[in-house]
2 protein chains.
Amino acid sequence: MKESLSTIAERLGVSVTTVSRVLSGNAGKYRISKATEARIRAEADRCNYAPSLVAQSLRSRQTKTIGLLTPSLANPYFAEMSSFIISEVHRRGFTTIVIDTMENEINFNEGLTKLVARQVDGIIAVPCGQDHTIVEGVNSNFVPVVLVDRYYENFPIPYVTTNNYKGGYDATRLLIDAGHKSIACIQGVRTSAPNNERVRGYRDAIEEAGLKEFEFVAGNEFSIQNGYLETKLLLSRHLKPTAIFALSNNISLGVIKATREAGLRIPEDLSLLSFDNYTYMDYMEPPLTRVGQPVEDMAILATKILFDRIEGIAPGASQLRLSPTIIQGASVSRII
Amino acid sequence: MKESLSTIAERLGVSVTTVSRVLSGNAGKYRISKATEARIRAEADRCNYAPSLVAQSLRSRQTKTIGLLTPSLANPYFAEMSSFIISEVHRRGFTTIVIDTMENEINFNEGLTKLVARQVDGIIAVPCGQDHTIVEGVNSNFVPVVLVDRYYENFPIPYVTTNNYKGGYDATRLLIDAGHKSIACIQGVRTSAPNNERVRGYRDAIEEAGLKEFEFVAGNEFSIQNGYLETKLLLSRHLKPTAIFALSNNISLGVIKATREAGLRIPEDLSLLSFDNYTYMDYMEPPLTRVGQPVEDMAILATKILFDRIEGIAPGASQLRLSPTIIQGASVSRII
DNA sequence: TAATTTTGCACAATCGTTTGAGCGTTTTTT
DNA sequence: AAAAAACGCTCAAACGATTGTGCAAAATTA
């Protein structure tokens, strides 16, 4: 059923070598006669021959495959990012193995070793957890790794991320400029570098405005539930905030859910500023004002850096922070 | 850097065969002494040996990989579906190569042949276009294929899809029962079987209710733009519909956009019923009433059928339609 | 002690491709 | 006509793992 060089060679009474040379376009280089070349090409076409990438990989020690470790395709932010990465990888004639780590450090590390065993030529990863020894081992001993979104500070693995500090700072400034004083921040995973940068931006903006007494950071997960529960708590406090800065798309959904249950309206009773951008946010009630990350640029750059490394080109600056963009919605009210 | 059976064998002064037998757990079966076994295991641990899946694949003619052809990871419906499929595949110890076809028939066919060249053990695909000769060739000659969501009628490729007819019918009935008479339907790709089943359900419900004079189907793409443009046209007609049945999530977004631009409110001025379910729809203005497809069940079943075929177990019924569920939102008003 | 069985491991082929080296035969050069 | 060059192709090893067969040496039996 499956054709190989040898089946063709046998049928034509030539050697496997000759067939290989013809079909890999090296007929001239190795002085195969036009006649033989034509015969081989014809037969290959006839039987629809396609070389086994597995055999080629074994021989060339290149699988033309890259691995993508993403925390959750169900999250539109990572789904979009994956979509861009897959298409960039495809553009270069490679294929992508996708592993969904479900935000789990064990899955992440297992996925990593699995990719190494599969001899992928490179890995793009959104890491989970704090322990970076395995990733670093892989990156320096086996396969080039590039991180996206999340990263490890002061470690030599290249990464591309948003300037999360700027995102946190700008967003908070926007709220402050709108007159808000009591701005609560609901954060995600506390060990995640992007999260902490966003929080740092938030804190700096708050302090700079002399609002330190109102500074308030809660939460510990990038989930709807976390946003929901923390908002429940916030709204039960004696002094309710006038604005919430939610550090992810999912957290914002939780905030909205809790706000609705409390019978409060956004932005009249409570302002909301979200991290992450997504088409649907324009269609929400109200459309969310948000900090959009440059997902496509990050995906393109990460892929480019990875391929530069695969091809042995040392990339210049390989730890990059791209600026986020604030997208105006209607979820922030002006306070006089 | 990379360890292999032979590097270990050489260091220990034993044969590659012996190392292989020990590490694949066949030491007993081939009478390798406990002492040798221990030495080999120790050394394998020490140097962190992991077998090359490429070499194993070549030898065993099994790559333990399945291919997933999806139209667009940027669409949450397919992203969720992919997420479930990837996780089901992972559960079985396989990995998934994802190809984003971008709703393009050429990309789809290229992806298909690429997967075959990579010797994947099976393929799960959401097909694009009408020409199914290539898919059928692959399915019957090389690799088992299972289709999800879209399918080809009267052809022997297994598929799992929503009972789209029921979805179209039930949704339309819901609108009719709410008192609507003039219900317009904005459809997606006209050559897609699910689309046509939805339309058929719509038409049947309309006719059954004696509303044939109001029957109206427009559109030709599962995109925001299509929903937007068709709604623009609809709203400019002399007789505006009182309800729109949008046959996909993206089409609905377009409908909302056009409706807003026209200064009309949903559901007060126009009712909207959407196909597809997504978390964000609960947070929209208004929350959408919609026909949710059993995405997770479809993913699980498709994967199961594929693995049954891979393992040579003939699946019983392999062309399945799962019932959709109507999810109540607030985008449909009652007309008296 | 000789014959038999068991033990412990190695040889070599195989999967499908690539590639440096080599070897007859024909053609060209001197 | 002899030497050199060009031509057209094949051999065999290698990538890393698996597996049926086989062969000594040791242990057991007769």
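Residues numbered from 1 in each chain as written. Chains lettered and ligands numbered in written order. Predicted model: local features only at pLDDT ≥ 70, side-chain atom pairs only at ≥ 80, totals over all residues. Heavy atoms only, no water.

A short note on the protein's contact with DNA strand D
By nearness alone, 27 residues border DNA strand D, and Thr18(A), Thr36(A), Arg61(A), Leu5(B) and Arg59(B) come closest of all. Among all atoms of DNA strand D positioned within 4 Å of the protein, those belonging to sugar or phosphate total 49%. Within the contact set of DNA strand D, a phosphate oxygen lies 2.5 Å away from a side-chain nitrogen or oxygen of Tyr49(B). With respect to DNA strand D, the side chain of Arg59(B) contributes an N or O atom lying 2.2 Å from a base oxygen. Mapped by element, the contributors of at least two residues to the surface near DNA strand D are helix 2 (16–23) and helix 4 (53–60) of chain A together with helix 2 (16–23) and helix 4 (53–60) of chain B. Sorting elements by how many residues they give to the surface near DNA strand D places helix 2 of chain B first, with 4 residues. (Near = heavy atom within 4 Å. Polar contact = N/O pair within 3.5 Å; in protein donor to acceptor, adjacent residues only side chain to side chain. Helix = DSSP H or I, 4+ residues; strand = E, 2+ residues; numbered from the N terminus.)

Concerning the pattern of salt bridges
Residue and element names in this part refer to chain A. Counting across every chain of the model gives 40 salt bridges over all chains. Across the salt bridge formed by Glu103 and Arg150, the nearest N and O atoms sit 2.7 Å from each other. Here Glu103 is found in the loop between strand 2 (95–100) and helix 6 (105–117), whereas its partner Arg150 is found in the loop between strand 4 (145–148) and strand 5 (159–162), with 47 residues between them in sequence. Residue Glu103 is classed as partly exposed on the basis of its relative accessible area of 39%. When its relative accessible area of 8% is taken as the criterion, Arg150 is described as buried. Between Glu197 and Arg200 there is a salt bridge, with the nearest N and O atoms lying 3.0 Å from each other. With Glu197 and Arg200 both in helix 9 (residues 193–208) and 3 residues apart, this pair spans about one turn of that helix. A residue is classified by how much of its surface remains accessible, and Arg200, at 39% relative accessible area, is partly exposed. (Salt bridge = Lys/Arg side-chain N within 4 Å of Asp/Glu carboxyl O. Buried < 20%, exposed > 50% of the residue type's maximum accessible area, 1.4 Å probe, protein only.)

Notes on the protein's contact with DNA strand C
Neighbouring DNA strand C are 27 residues, the closest being Leu5(A), Tyr49(A), Arg59(A), Thr36(B) and Arg61(B). Contacts to DNA strand C include Arg21(A), whose side-chain N or O atom sits 2.9 Å from a base oxygen. Within the residue set of the surface near DNA strand C, elements represented by two or more residues are helix 2 and helix 4 of chain A together with helix 2 and helix 4 of chain B. Looking at which element gives the most residues to the surface near DNA strand C, the answer is helix 2 of chain A, with 4 residues. Of the residues that constitute the surface near DNA strand C, the class distribution is 10 nonpolar, 11 polar and 6 charged. (Nonpolar A, V, L, I, M, F, W, Y, C, P; charged D, E, K, R; others polar.)

A few points about a negative patch on the surface
Judged by side-chain charge, Glu268(A), Glu285(A), Glu268(B) and Glu285(B) come together as a negatively charged surface patch. Its place among the elements puts Glu268(B) in the loop between helix 11 (249–261) and strand 9 (271–275). (Patch = residues over 30% accessible without salt bridge, like charges linked within 9 Å, V, L, I, M, F, W, Y side chains within 5 Å. Areas by Shrake-Rupley, 256 points an atom, 1.4 Å probe, with all protein chains shown as cover. Lys, Arg positive; Asp, Glu negative; His and termini not counted. Charge placed at Lys NZ, Arg CZ, Asp CG, Glu CD.)

A short note on the sheet that holds strand 10 (residues 289–292) of chain A
All names here are of chain A. Judged by pairing direction, the sheet is mixed, and its 6 strands sit side by side in the order 7-6-8-9-10-12 without closing on themselves. Edge strands, defined here as strands with exactly one partner in the open sheet, are strand 7 (216–218) and strand 12 (325–327). Here the average twist between neighbouring strands, direction ignored, is 20 degrees. Here strand 8 (residues 243–246) pairs with strand 9 (residues 271–275) via 4 bridges, running parallel. (Pairing = 2+ DSSP bridges. Axes fitted to C-alpha atoms, helices over the stretch in contact; angles between N-to-C directions.)

Notes on unusual backbone geometry
Put simply, Glu285(A) and Pro286(A) share a cis peptide bond, and its omega is -10 degrees. Following Ile266(B), the chain continues into Pro267(B) via a peptide bond in cis, with omega recorded as 5 degrees. One can find Pro267(B) in the loop between helix 11 and strand 9. Residue Asp149(A) is not a glycine yet carries a positive backbone phi of 65 degrees. The residue Asp149(A) is located in the loop between strand 4 and strand 5 in this model. If you check the backbone angles, Lys64(B) has positive phi at about 55 degrees while not being a glycine. Using a relative accessible area of 37% as the deciding quantity, one classes Lys64(B) as partly exposed.

These results come straight from atomic positions and should not be treated as a statement about function.
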